[in-house]
Amino acid sequence: MATSCNADASGGLFRQASESVAQAGIVYKQLLGDKGNYLYHTTDAGLVRYDKTTSSRTTLVSNSVGNIIRSSYYDVTNDLLYYVTNDGLQSIKKYNAATSASAGTVGYVSANLTSAELLNLYKNGYLILHGTDVITSTNAFELLGPDFSTSIALFSGLDGYSLENVIQATGQESLPVGAASSTAYPLIVSFVDDNNSSPIYKHYLVTATGVKTEITLNKRIANFFVYSSSLAYILSTDGILYAANTTVDPITTTSMYDSSQATNVNGFVYPIDDGTNIHLITKSSTKSDLPLVFSFPRGTSSGVSTNSVRYGYAEFLDSSNIVDTIVKTVTLPGTTSVVANLLVATDVNGMYEISIKANASDNTTSNGTSSDSEAFTF
Amino acid sequence: MKKILLFCALLLLLFNSLAAADYYDKGSQMFSFRVGTDVPLFTYFFSDNKTLVGPGEGKTGLDIGGYGSISYQVFNSPKTAVGGEIGYNFNFSAENVLFTAIPFYAKYSLFPVQGQFDIPLSVGIGGAYAKYNDAALMTFYANVEIGFTWFPGDNWGFGLSSGLWVIPELNYYDALKTDNAIAGFIPVTLSISYRQ
């Protein structure tokens, strides 16, 4: 007994206990956005509005058996909330946040699919549909824009494949895709063929201009970020970081580092650029794991080092499951001041406001700050 | 300084006044059942050189818990007894996850005061199985305790005791070495004892 066992522990016994945080009593699902004094989000209770003047919450739409909100979209411009539930109906429900009243349902139109089935709605208002390509009569999927009719990308010839996921980069989930917008951000649409001894994955990068390009990577993707018009970085769910050359078709990937740390699909993967290096902050699928930071020279595909971070911005993230993120501010790289200010929602430990500095990989209190649970501002 | 010396002198006088002829003989036996609470006192992390003090979130992270045990001792002299104890301890953490420890240890007690009232001074050393979340280990365990037991009759007694437990966590996996620590708890327990 001179040295103990702990063979399968994600952390020391007394360390985990010392870092335990009381549950906040709120089970966050999605952070949708804010307008004025209100922050809209979904919890296990339903669609919720938080009023910062009174620090109180109002449930606008309650979850009920057979009518649980699966995903939502907040149209900030028109102050409208859209959501889909598990009621089995192929409709998108609308809520008018300005009048605090339900506004019926809206439909969707696909000119490219027959028997189009709504699979999901995303935070940027995009829909993913499943059906049969009207021209090729093959199994197909289609990405529609937030007007629920404009086709952004059609994925056909996918017989045997089902939708694996639509992956949106951390903090960019509310941004448009395929629109003539300076804030547009790509997404990855992943499909899987489970009909073999091992699954076969197909991924497509859908760029800000709506162009879709297949990615050569037969792995399940956790998340990604786009560094430039020619380079993206992808993290697989088994913890391998890849550099992706986006100038070729199909996109090729190069393995950079194997962390062996599992990460959930759409897990927290957020880049900090200090002007010389990229520090990619990730959170594994294990709640008690410390955030792991991959650091490598900007624009390269090698030279990766990693560090686990417990202090500063990561103070409470090591004992939490992150479910969603909103980026409040991002400043230019190359400074030592705060680079990014985020709202990070967890499943049971509340929401934190974290500020991350350029030295994001330093395991010290100088790398940034974190508010206490629910002590966020917007 | 004078006050400390005076206190020690008073304590000595008290012990002498309470201690009559030895009550126990070599071979006397004692069974005890204990139940009570335990207070997480500290956790010291070697790599951080940091000590967290007290129960609750932001400190040791563990709340005040409970403890129960059985023990058996046999007197190897009129004043001292040896034996063992096995117990079960639990504490909930700030996020409501259960910490459990099952200590099992050899116990050596000195009875400077004995008879109708016993004041045992004990030291214990052994091991403990501890578990929290996905961490589980077998580790060392040590304690010191002081008790007070009242025997209204010859055999059955009722007591109160407290002390200090120490449980180290010494991981040999590289990834966990930075979490090596030593934790301390203060038990406060009631006991029922049977002696013969």
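Right above here is the structure, for reference.
Described in the following lines is the structure provided in the data block. (Residues numbered from 1 in each chain as written. Chains lettered and ligands numbered in written order. Predicted model: local features only at pLDDT ≥ 70, side-chain atom pairs only at ≥ 80, totals over all residues. Heavy atoms only, no water.)

Notes on the sheet that holds strand β1 (residues 28-35) of chain A
All names here are of chain A.
And then number 1: Read from one edge to the other, the open sheet built from 4 strands follows the order β1-β2-β3-β4, with strand pairing classed as antiparallel. Edge positions in the sheet fall to β1 and β4 (56-62), since each has one partner strand and no second. Taking the axes of each pair of neighbouring strands and ignoring which way they run, one obtains an average angle of 25 degrees across the sheet.
And then number 2: Here strand β3 (residues 46-51) runs beside β4; their pairing, made up of 6 bridges, is antiparallel. Its bridge partner being in β4, Gly46 is matched across the sheet by Ser62. (Pairing = 2+ DSSP bridges. Helix = DSSP H or I, 4+ residues; strand = E, 2+ residues; numbered from the N terminus. Axes fitted to C-alpha atoms, helices over the stretch in contact; angles between N-to-C directions.)

Overview of the interface of chain B and chain A
And then number 1: Every contact between the two is made by 39 residues of chain B and, on the other side, 26 residues of chain A.
And then number 2: Buried area between chain B and chain A, summed over both chains or domains, comes out near 2,800 Å², and the portion from carbon and sulfur atoms is 54%.
And then number 3: At the surface where chain B touches chain A, the tally comes to 4 salt bridges.
And then number 4: Asp179 of chain B is the salt-bridge partner of Arg310 of chain A, the closest N and O atoms lying 3.4 Å from each other. (Contact = heavy atoms within 4.5 Å. Buried area = accessible area lost by both parts, 1.4 Å probe. Salt bridge = Lys/Arg side-chain N within 4 Å of Asp/Glu carboxyl O.)

Re the sheet that holds strand β14 (residues 187-193) of chain A
All names here are of chain A.
And then number 1: As summarised here, the arrangement of the 4 strands in space is β13-β14-β15-β16, forming an open sheet in which the pairing is antiparallel. Two strands bound the open sheet, and with one partner strand each, they are β13 (162-168) and β16 (212-215). Sheet twist, expressed as the average angle between the axes of neighbouring strands with direction ignored, equals 25 degrees.
And then number 2: Looking at chain direction, β14 and strand β15 (residues 200-206) are connected through 7 bridges and run antiparallel. The residue bridging Asp193 from the neighbouring strand is Ile200, located in β15.

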